[in-house]
Structures are given as structure tokens and as C-alpha cells.
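Letter by letter, the chains look like this.
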Amino acid sequence: MRRTLTFSKKTEQFLTLRLCSQTSVASTKPLSPKKYVKPAPVVNPHIKIHPDIPHRYQKVMLKTPIHPLDQKAAESGFQNPWKIYCAAAIERLPLVTPDENPVELEYLLAREELDQKFLYPYPPELEPKFESTENQSKGKPKEGTLAAFRPASRLTIADRQGNVKTTNRKLATRIYLVVQGSDGVWSFPTVELNATIGLRKCLEVEVQKTIGGDKNDMFWVGNGPFAYHKFEFSDAQKKAYNAFGGKVFYFSCQYVGGGNTLNIDLTKYSDFAWLSRAELPSRLSSDVCETLIPILPNWHQETVEEDGGVPY
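Residues numbered from 1 in each chain as written. Predicted model: local features only at pLDDT ≥ 70, side-chain atom pairs only at ≥ 80, totals over all residues. Heavy atoms only, no water.

A. Molecular detail of the environment of glutamate 232. Among the structural elements, glutamate 232 can be located in strand β6 (residues 227-232). Excluding its chain neighbours within four sequence positions, the residues that come into contact with glutamate 232 are Leu69, Lys72, Lys238, Phe244 and Gly245. Reaching out from glutamate 232, the side chain makes a polar contact with the side chain of lysine 72 at a distance of 3.2 Å. A polar contact of 2.8 Å, which involves the side chain of glutamate 232, links it to the side chain of lysine 238. (Helix = DSSP H or I, 4+ residues; strand = E, 2+ residues; numbered from the N terminus. Contact = heavy atoms within 4.5 Å. Polar contact = N/O pair within 3.5 Å; in protein donor to acceptor, adjacent residues only side chain to side chain.)

Now the structure itself:
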């Protein structure tokens, strides 16, 4: 026997819509998939690449983002838009241990309390013998005893007087030599590139001539620069130099001579100062500080000083 199926009205409507949708989909032609068009890479047309550089590195160099100053320099029309300079970041290394921040002091006190709590008693013959307070009050303590020890002050006369023209200041941190040119602008000792002798050799000759001191007093860290900074000339400078701007390459140099033996040429530089990393923004321009200060070492100690003893 043939059995007939009966559906409710809602079920019939659902089946009708389902069948109609299937027939419409089946009747239509399958859509052709869209071809993926790879976007063209951003190519820097102002970068000249040597043919000996491997191809995989050439791709990376060509895709580097274009700096706004490079774009303006390329459109300025100068044949050689950049003048090359080299500068020496001469630093005096710390002479004493850095100051302890509050977190370190709290840790040392807590560790000392734990050591005293769980310390085993020493035999009497091994315990250190200190001079009694009665003997100390009678007169001066004996030389060579612990009572006679007095730590030297970490602040020098230059620190108390605010003298920045000597290396005998800020003993717990690095200090850098900055000079003031005849135009009143503060910077690191800088010289224009002499292409015949190279960047670092040109800078060594200039430092020896204008900063003074023995050659052995200067220790050059590496043969290459650790940072560079670019800037745009004023309209008068563009006409005088026939260039759009300048690029300054910074080399690291450590002053290891004892005392303050430098003889700075004040005919070229009107003033000079030995400043810590935290003091550099008071003399250098904001563009130079944005480039150099994050790179200069000793950042942890300086941030502790600036933030009131809270280290990162």
C-alpha cells in the first residue's frame, strides 16, 4: 500500500523554501574565485644599494620606510644633499660604586635580620673583639681599629659648588663632555668628515687638537659609530654649504686619564661642561637628546635619580 504523508502548514512552508533555495543554488553557475593581487612593496627610491649586497638583504633595504627628511632632501635638488660630520661622546667612567636605591636597602636590611635570626653562635675565640665604648670616650680611637674608620664623603667640592668644568664630580655615575661652539649651540665635540682618512681617524685628530690630553688618556670603544643624527640646515646654511642638511655619526670614547689633564681649545669652543646623563637635556637640543639619551649607558642609575629612588 502506498502511504501518504501529511505535514502541518509550517512544515510545508519550510520544505517549500528549502527546495526552492536548493534549486536556485544548483541552477546558478559557480562563482569563479577572486584572484589575490599582492600589493606592491613600498620601495625607497633614494637608497643606493651596492650590487655586491645579497639579494635577500636588498629586499629588506628597499622596503625600509622613508624618513621625512630623506624625502625632503631628495626633492631639494642638491646633488649631494647631506654633509657628513662625526662627533665624540667622551665619557668619564664612575669612580665609586653607585648609590643604593631604597629597594636594595630594604632587601639588605631584611636579609641581615634573617641572618641574625638563624645564625649559629660562634665560639668565643672566633668572635671579633671591638674596642669598648669607655676606651673610645677617653680619647681618639686607635689607628687601624674599626672604631677609627671614617668613610670618605661621596660628594666632592665641585658637587657642593656646582662646578661642571672638572671631572672630579658625580663620582657615582658617568659624565660626558659637551662643548659650546661660537654660535652658542651646545653639542659633543664635532668635526666635518675628511674623506681621505675616514670617520674615526678624522675624529681622533680633531679631539687630540682641540680637547688635548695624551693619546693614552682616550680609549676609543670600537671602530664604528653607535648612533647617528640627521638635521636640516637653515636657508642661509643651505646656500653657504650647497647642501640640504647634515648627518652626525657619534663615536664612543672613554677618558681614562687621571685627574683633569685636558686642555680644551677655547678659541674654537667658547665653553665646556662635564654633565651626567640626567643633565644633558639642559644643554643639548631636544632632537639630539631624543636620539642619544636612550642609547647612552648608565640609564638605570639615572632613572633611579630622576624618579626619586624608584627603579624600573
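From this point on, the discussion continues.
B. Seen up close, the layout of surface pockets. Estimated volume of the largest pocket: approximately 910 Å³. Listed by contribution, the elements that provide at least two residues to the lining of the largest pocket are β2 (175-180), β3 (186-187), β4 (190-192), β6, α8 (235-241), β7 (245-255) and α9 (286-292). Its residues placed into classes, the lining of the largest pocket shows 14 nonpolar, 8 polar and 5 charged. (1 Å grid on protein atoms, 1.4 Å probe; cavity = no way out; pocket = protein on both sides within 12 Å on 5 of 7 lines; lining within 4 Å. Points joined across faces, edges and corners; volume = space filled by probe spheres on them. Nonpolar A, V, L, I, M, F, W, Y, C, P; charged D, E, K, R; others polar.)

C. Quick look at the environment of valine 248. Locating valine 248 in the fold gives a position in strand β7. Between the C-alpha atoms of valine 248 and histidine 229, which are 19 residues apart in sequence, the distance is 5.2 Å.

D. Representation of the packing of aromatic side chains within the structure. In the structure shown here, the tally under the stated rule is 6 aromatic pairs. An angle of 75° between the planes, with centres 5.5 Å apart, marks the rings of phenylalanine 231 and phenylalanine 233 as edge-to-face. Owing to a relative accessible area of 27%, phenylalanine 231 belongs among the partly exposed residues under this scheme. Ring centres of tyrosine 255 and tryptophan 274 lie 6.1 Å apart, and the angle between their planes is 40°; on these two criteria the pair is classed as tilted. (Phe/Tyr/Trp six-rings, centres within 6.5 Å; stacked < 30°, edge-to-face > 60°. Buried < 20%, exposed > 50% of the residue type's maximum accessible area, 1.4 Å probe, protein only.)

E. Here's a closer look at the side chain of glutamate 91. Along the polypeptide, glutamate 91 turns up in strand β1 (residues 82-92). Within the local environment of glutamate 91, its side chain forms a polar contact with the side chain of tyrosine 176, the two groups lying 3.5 Å apart. When neighbours within four sequence positions are excluded, glutamate 91 is seen to be in contact with Arg174, Ile175, Tyr176, Ser252, Cys253, Gln254, Tyr255, Trp274 and Pro297.

F. Region of the structure containing the pairing of strand β5 (residues 218-221). Only one face of β5 is covered, namely the face carrying Met218 and Trp220; the face carrying Phe219 and Val221 is uncovered. Direction of pairing for β5 relative to β7: antiparallel, over a ladder of 4 bridges. When the sheet's bridge partners are listed, valine 221 is paired in β7 with serine 252. (Pairing = 2+ DSSP bridges.)

G. Structural context of the pattern of salt bridges. Tallied over the entire structure, the rule returns 9 salt bridges. With a closest N to O distance of 3.0 Å, lysine 230 and aspartate 70 form a salt bridge. Of the two residues, lysine 230 sits in strand β6 while aspartate 70 sits in helix α3 (residues 68-75), which places them 160 residues apart along the sequence. The salt bridge partner of lysine 238 is glutamate 232, with a shortest N-O separation of 2.8 Å. Its relative accessible area of 16% is what places lysine 238 among the buried residues. (Salt bridge = Lys/Arg side-chain N within 4 Å of Asp/Glu carboxyl O.)

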